[in-house]
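Overview (structure and organization)
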Amino acid sequence: MLENKLVVSALVKVLPDFTSEQISEKLEAPKSTDMGDIAFPTFTLAKARHQAPQQIAAALVSEINPDGFEKVVATGPYINFFLDKQITSRHTLEQVLAEQANFGSHTTGSGANVTIDMSSPNIAKPMSMGHLRSTVIGNALANITEKNGYVPVKINHLGDWGTQFGKLIYAYKTWGNEAEVKADPIATLLRYYVEFHEKAQADDSLNDEGRAWFKKLENGDQEAHKLWQWFRAESLKEFTAIYDRLDIEFDSYNGEAFYNDKMDKVVDTLSDKKLLVKSQGAQIVDLSSVNPNLTPAMIKRSDGATLYMTRDLAAAVYRKETYNFAKSLYVVGGEQREHFVQMKAVLALMGFEWSTDVEHISFGLITFNGKKMSTRKGDVVLLKDVLDDAHELALKQIQEKNPALKNKEVVAEQVGAGAVVFHDLMNDRTNNFDFNLEEVVRFEGDTGPYVQYTNARAKSILRKAAVTEIGDDLNLDDAETWDIITTLNAFPTAVQRAWQQREASIIAKYALTLARAFNKYYANSKILADDAQLNARLALVKSVTIVLSESLRLLGVKSPEEM
Ligand code: ARG
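We now turn to the structure provided with this report.

Residues Glu-94, Glu-469, Asp-472 and Asp-473 make up a contiguous surface patch of negative charge. The residue Asp-472 is located in the loop between helix H18 (448-465) and helix H19 (479-489) in this model. Note on Asp-472: relative accessible area 73%, which makes it exposed.

Below is the structure:
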């Protein structure tokens, strides 16, 4: 936030009642670029000074020392600063080149933990596009969290417990067979599960059988436990293959089953605090005192079995005790909104002040070429297929554009996976969106490959120039580069806002803006011309690759050297 530094220090001198932070927070971008580069609104000063904001702005401008700025003017209630292009360009490039990948980092988090519940697919089922969203949004938020000075703890809250495993065990034991499962684990288990639901529609007693097997599983029945473990291990193998492709790692795989022996404590606390109420045999917590619209949270079924909610309550407490988080994020689709509102309400009733640090990071529905997906009916779009298709599409374009490229397969994977991830992250997370692979993997337009391609192009300019070191002469003052300079300068603020709003899309949109600014410059100027500003232009190109690569890294997208 170098641009602000000059402005802030000019303002502090004339506003002794304010700290630099307070001033910094107020700075805005003017409505249009011809009105200046940075604006300071004076509205909040009006009351204390008994003056109109317009008057205050005019008075302050006459006091401000304009050295180091092109000019400083009052426009209505705003003080508008026009930065000196040469000074700002030099400072910006110096800073980016000195800080490299650290440019844009903040220390706000002071090393506090932020737990991020992410991905969390259900075992014995293929991972869905919804889980992909959770995985990539969670991963990007983890990187952004870290860039803001926190320590992210990535938790995969595997859906490895619940009545559905009773159903699956029943199905397997009744019409399944070992060889069949071994040959193709997830697909076969999914088929059993789908068949179970079909049969249960005609014969409700199957549901009782399923519940009975889950009860056995919860009570530690050996046979049930062995089958469950087998299903879980096979599922994890498939999930891990996808995580590897996306290069995403977790700090914990403590899934729902992990909380088996931790739920009693929660239930006891609830009962000690007289929060548990019997309702039709089940045990519930009435939430109407928190919010009259909330339905009660079910803690125990009438047969004594615990629920998704019970395990989530135990997990929330465990996470506080284990990580002492500053924030506890749950990256889960919007359809579970009510669940998390209920969970927070129960935690608040239990007296945990930290319940306000628990946040549901909701996201919208993803459709694939207009189709919704449902595992119950078995018509799923497999993630592996999506990534494979993206890889093929990327490869085709590379073969057309750059047939001589050496490691085509590696780059195609980076571009294909990167395209899928980038597309997922470039929309505000709560938006619903449709997925059309052809568009997503294109090298032009608002896509990940476009940003990767721009970055590779910048890198190739540097290779062509073959400079080993960038010199000190960093003076640039032309209109063409100014757009890039101000965009580079906006990166630290983008990183900060992405964290504050829990929005990775801010980084994705930022990367597109920088890529567009650079491409425009590239098309209109001779970067490698042998003149006095060559060094400064190479510094600019280098800075662009640093910030584009870092933006992509934050999103979890690779930066190929060539493509
Ligand atoms: N396994 C769940 C599902 O697929 C998501 C779990 C989200 N995390 C949580 N702590 N509830 O719907």
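Counting across every chain of the model gives 23 aromatic pairs. Taking the centre distance of 4.8 Å and the plane angle of 45° together, the rings of Tyr-150 and Trp-499 count as tilted. In this pair, Tyr-150 sits in the loop between helix H6 (129-147) and strand E5 (151-155) while Trp-499 sits in helix H20 (residues 491-500), placing the two residues 349 residues apart along the sequence. A relative accessible area of 14% places Tyr-150 in the buried class. With 5.0 Å between their ring centres and 90° between their planes, Phe-258 and Tyr-259 make a pair best called edge-to-face. Looking at Phe-258, the relative accessible area reads 27%, which means it is partly exposed. Through a chain of ring-to-ring contacts, the aromatic side chains of Tyr-172, Tyr-192, Trp-230 and Phe-231 assemble into a single cluster. Positioned above the aromatic ring of Phe-82 is the side chain of Lys-71, whose terminal nitrogen or guanidinium carbon lies 4.5 Å from the ring centre.

Looking now at the site of the ligand. Neighbouring residues of the ligand: Asp-117, Ser-120, Asn-122, His-131, His-157, Tyr-308, Asp-312, Tyr-330, Val-332, Gln-336 and Phe-340. Between the ligand and Tyr-308, the relevant distance is 2.7 Å, taken from a nitrogen atom to a side-chain nitrogen or oxygen of the residue. Between the ligand and Asp-312 there is a distance of 2.7 Å, counted from a nitrogen atom to a side-chain nitrogen or oxygen. Protein coverage of the free-state accessible area of the ligand, which is 350 Å², stands at 89%. Of all the secondary-structure elements, those providing two or more residues to the shell around the ligand are helix H13 (308-323) and strand E9 (327-333). Partitioned by chemical class, the residues of the shell around the ligand number four nonpolar, five polar and two charged.

Glancing now at the nonpolar core. Leu-11, Ile-79, Phe-81 and Phe-422 are the most contacted members of the largest nonpolar core, which totals 149 residues. Per-element tally for this core: the top contributor is helix H22 (residues 534-555), with 13 residues. Discounting residues that sit within four places of it in the chain, Leu-11 has contacts with Ile-23, Leu-27, Phe-40, Ile-64, Ile-79 and Phe-81. Judged by nonpolar contacts, the second largest core, of 29 residues, contains Leu-270, Leu-276, Val-285 and Ala-297.

Turning our eyes to something else, we now look at the side chain of Glu-256. Mapped onto the elements of the fold, Glu-256 is located in the loop between helix H11 (222-246) and helix H12 (263-272). Owing to a relative accessible area of 4%, Glu-256 belongs among the buried residues under this scheme. A polar atom in the side chain of Glu-256 sits 2.6 Å from the side chain of Arg-311. Excluding residues that lie within four positions of it along the chain, Glu-256 makes contacts with His-157, Leu-158, Gly-159, Asp-160, Trp-161, Tyr-308 and Arg-311.

For the rest of this paragraph, the subject is unusual backbone geometry. For residues that are not glycine, phi is negative in most cases, and the peptide bond is trans in most cases. Although it is not a glycine, Gln-280 adopts a positive phi angle of roughly 50°. By secondary structure assignment, the location of Gln-280 is in the loop between strand E6 (276-279) and strand E7 (282-285). Judged by relative accessible area, Gln-280 falls into the exposed class, the value being 80%. Positive phi, close to 50°, is recorded for Arg-502, a residue that is not glycine.

The residue Ser-119 is located in the loop between strand E4 (113-117) and H6 in this model. Accessibility expressed as a relative area gives 2% for Ser-119, which makes it buried. Within the local environment of Ser-119, its side chain forms a polar contact with the side chain of Thr-135, the two groups lying 2.8 Å apart. Reaching out from Ser-119, the side chain makes a polar contact with the side chain of Tyr-243 at a distance of 2.6 Å. Not counting the four nearest positions on each side in its chain, Ser-119 is found in contact with Met-127, His-131, Ser-134, Thr-135, Asn-156, Tyr-243 and Phe-250.

Attention now moves to the environment of Arg-245. Tracing the chain through its elements places Arg-245 in helix H11. Arg-245 sits in the partly exposed class, given a relative accessible area of 25%. A sequence separation of 172 residues divides Arg-245 from Ala-417, and the C-alpha atoms of the two residues are 7.6 Å apart. The contacts of Arg-245, once residues within four sequence positions are left out, are Lys-384, Leu-387, Asp-388, His-391, Glu-413 and Ala-417.

Cut-offs used in this document
Residues numbered from 1 in each chain as written. Predicted model: local features only at pLDDT ≥ 70, side-chain atom pairs only at ≥ 80, totals over all residues. Heavy atoms only, no water. Patch = residues over 30% accessible without salt bridge, like charges linked within 9 Å, V, L, I, M, F, W, Y side chains within 5 Å. Areas by Shrake-Rupley, 256 points an atom, 1.4 Å probe, with all protein chains shown as cover. Salt bridge = Lys/Arg side-chain N within 4 Å of Asp/Glu carboxyl O. Lys, Arg positive; Asp, Glu negative; His and termini not counted. Charge placed at Lys NZ, Arg CZ, Asp CG, Glu CD. Helix = DSSP H or I, 4+ residues; strand = E, 2+ residues; numbered from the N terminus. Buried < 20%, exposed > 50% of the residue type's maximum accessible area, 1.4 Å probe, protein only. Phe/Tyr/Trp six-rings, centres within 6.5 Å; stacked < 30°, edge-to-face > 60°. Lys NZ or Arg CZ within 6 Å of the ring centre and 35° of its normal. Near = heavy atom within 4 Å. Polar contact = N/O pair within 3.5 Å; in protein donor to acceptor, adjacent residues only side chain to side chain. Nonpolar A, V, L, I, M, F, W, Y, C, P; charged D, E, K, R; others polar. Core = buried A, V, L, I, M, F, W, Y, C linked by side-chain atoms within 4.5 Å. Contact = heavy atoms within 4.5 Å.

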